[in-house]
Structure formats: structure tokens, C-alpha cells
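The lines below spell out each chain.
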Amino acid sequence: MTTNKNKTSSIYDYISEKDLNVEVDKVVSKLKEIKNNFNKKKDKELWKNNLDVFSAIFLLKDKDIKFKDWISSEEIRQIEKSFQNYIGLFHQGIAGKIKGCERLVKPLDFKCDEKKLVAEIKNKENTVNKNSAKGAYDDLRNFIKKKKNKGYTAYIVMIIPKTPGNSFDREFQPKGKPLNKKIRKITGNKFYELLTDEKNFLRMLYDEVALLLHNKIENDEYLSFIKQKEFDSFFKKSFIGNK
């Protein structure tokens, strides 16, 4: 693993260990619930959105792909699809627990009076469609145009960029909406840096969550994974790319 004790423990300069554990436990609990619900009616859930049987017959022609493995991959894909929304909620929870910040009830997710910013937080850029982008823009604009919120900058946060390595902090202007320099879109790494003044905060979060999960799960295979170079490369490819 690429981190050391001093690096991972420094995340607690910005969020308490108790708060981080609470947010991680929420996600673990929700994943367990989703998996249990899926397994109770596995056949129905697996076929709910139908399976691509033609894709299957071509893929299974490859001797290295077994039917059981293909079915398992479909199950994982569907569970992950149901689970993705909760990763966005996880980041809302983490951001809201950073010192000086707070989580909001709809229409917006987050506010930091100390930094004079407000945000709508999404997990992945590629899940934000035209309608949701316009809706988020309107909510952000409605907040900053109020007299009491003068001086605030509004962000739509997309934790994971659509293109690997394409981190950004730029103006957010959905089609048909006026340009407003106080309304921006930003990736997760730059957003957390804005909140904490720590460039590596998201990487520190990635590392620390992995360690917490290992302590909760005590899975030797999982521990082996987070010690491999692939664990490090996953993060770098997502936010740094092949630079």
C-alpha cells in the first residue's frame, strides 16, 4: 500500500475518526441491505432489466469465460448500479463533517460558511444528465442570488470525472442557461482541496477508508488487494490519468 501511518492519520486533522467511521458504516450497512434484497429474489432481480443473451453467447464462446462467471459479473453489475447513489451520499456525509462545514436538506446538499460556498454533490460526472444539470444550476443560482448569501460561490461537485485524469474546477453552464462566474463545476479531488487546503485529502480518504474496511471485514483477500499496485493505480488513473 502506498500510504504510511502519518499520512493516513492526518486525515483526522479535518474530520474526526468517529465521524468517518459513522459514514463508512452507513455505506457498509446499505450495501449489505442491497445485497440481501437482491439475493432474496435473485432470479427476478437479475432479469428485471433483461439480460443480453446474444452478448452472452458470443462471450461464452471464449473458453476463458465460464457461464457461472458471466452470471456473477451481471449480478455484481446490477448490485453496483443500485449502490452508486449511496456513494454520492457518502461524500455528502464526509464533506458535511469537515470542520466548519454542514450537510443540508434539499434542494442543496452542502454549505461551508467559512469558505463561503454551497454545493450539490454527485458521485459521477457521467450520471448527470441534461435535466438534472439544469435543475442543479437553478438550485445553485437561487441560493446565491439571495441577499443574505452575497459573496458565496456555488458548485456542482462531480466526485469522479467522466474522463480519467480530467480533474477540473470551471464555470458550470448547462445549455440554455446564462453564464454566471459564481456557479461552477468541480471534481472531488479539487473540491476537497478547496474545503481543507489539503491537496491530497481525497487520496487520504481513499486510503483510510480502505484500511477501515479491512479492519471491519478482516478479509485476507481484500488486504492483499489494497497492498497491490493496482490499488494505487486505480486512484491515479481516475484523477491524474496517464500523466
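Anything mentioned here points back to the structure above.
Described below are features of the structure shown in this document. This one's a predicted model, so the numbers in the text were calculated from it and none came from an experiment.

1. Regarding the environment of Asp 19
Mapped onto the elements, Asp 19 comes out in helix H2 (residues 17-40). Separated by 131 residues in the primary sequence, Asp 19 and Lys 150 have C-alpha atoms spaced 31 Å apart.

2. Concerning the nonpolar core
Nonpolar side chains in soluble globular proteins tend to be buried together. One finds Leu 20, Phe 110, Phe 191, Tyr 192, Leu 195 and Leu 205 to be the most contacted residues of the largest nonpolar core, which totals 37 residues. Of all the secondary-structure elements, those providing two or more residues to this core are H2, helix H5 (67-97), strand E2 (110-112), strand E3 (117-124), strand E4 (153-160), helix H7 (188-196), helix H8 (201-217) and helix H10 (229-239). In terms of residue count, H8 provides more of this core than any other element does, seven residues in total. Filtering out sequence-adjacent residues up to four positions away, Phe 110 remains in contact with Ala 95, Gly 96, Cys 101, Glu 102, Leu 104, Leu 117, Val 118, Ala 119, Ile 121, Phe 191 and Leu 195. Residues Ala 136, Ile 144, Ala 154 and Met 158 belong to the second largest nonpolar core, which totals 16 residues.

3. Observations concerning the packing of aromatic side chains
Summed over all chains, the structure comprises nine aromatic pairs. Taking the centre distance of 5.8 Å and the plane angle of 85° together, the rings of Tyr 14 and Phe 201 count as edge-to-face. Of this pair, Tyr 14 sits in the loop between helix H1 (5-9) and H2 while Phe 201 is found in helix H8, placing the two residues 187 residues apart along the sequence. Phe 201 shares its class with Tyr 14; the two are buried. Taking 6.2 Å as the distance between ring centres and 55° as the angle between the ring planes, the aromatic pair formed by Tyr 137 and Phe 172 counts as tilted. Of this pair, Tyr 137 sits in helix H6 (residues 130-144) while Phe 172 sits in the loop between strand E5 (169-171) and strand E6 (183-187), and the two are 35 residues apart along the sequence.

4. Regarding the pattern of salt bridges
Side-chain pairing between opposite charges can occur once the charged atoms of the two side chains come close. Tallied over the entire structure, the rule returns 15 salt bridges. Between Glu 23 and Lys 26 there is a salt bridge, with the nearest N and O atoms lying 3.3 Å from each other. Placement of both Glu 23 and Lys 26 in helix H2 is noted, with a separation of three residues, approximately one turn of the helix. Overall, Glu 23 belongs to the buried group, its relative accessible area being 3%. Under the relative-accessibility criterion, Lys 26 is labelled partly exposed at 45%. Put simply, Lys 236 and Asp 232 hold a salt bridge, and the shortest N to O gap is 3.0 Å. Of this pair, Lys 236 and Asp 232 are both found in helix H10, four residues apart, which corresponds to roughly one turn of the helix. Several salt bridges share partner residues, and in doing so they unite Lys 106, Asp 109, Glu 120 and Lys 122 into one network.

About the cut-offs
Residues numbered from 1 in each chain as written. Predicted model: local features only at pLDDT ≥ 70, side-chain atom pairs only at ≥ 80, totals over all residues. Heavy atoms only, no water. Helix = DSSP H or I, 4+ residues; strand = E, 2+ residues; numbered from the N terminus. Core = buried A, V, L, I, M, F, W, Y, C linked by side-chain atoms within 4.5 Å. Buried < 20%, exposed > 50% of the residue type's maximum accessible area, 1.4 Å probe, protein only. Contact = heavy atoms within 4.5 Å. Phe/Tyr/Trp six-rings, centres within 6.5 Å; stacked < 30°, edge-to-face > 60°. Salt bridge = Lys/Arg side-chain N within 4 Å of Asp/Glu carboxyl O.

That's the geometry; what it means functionally is another story.
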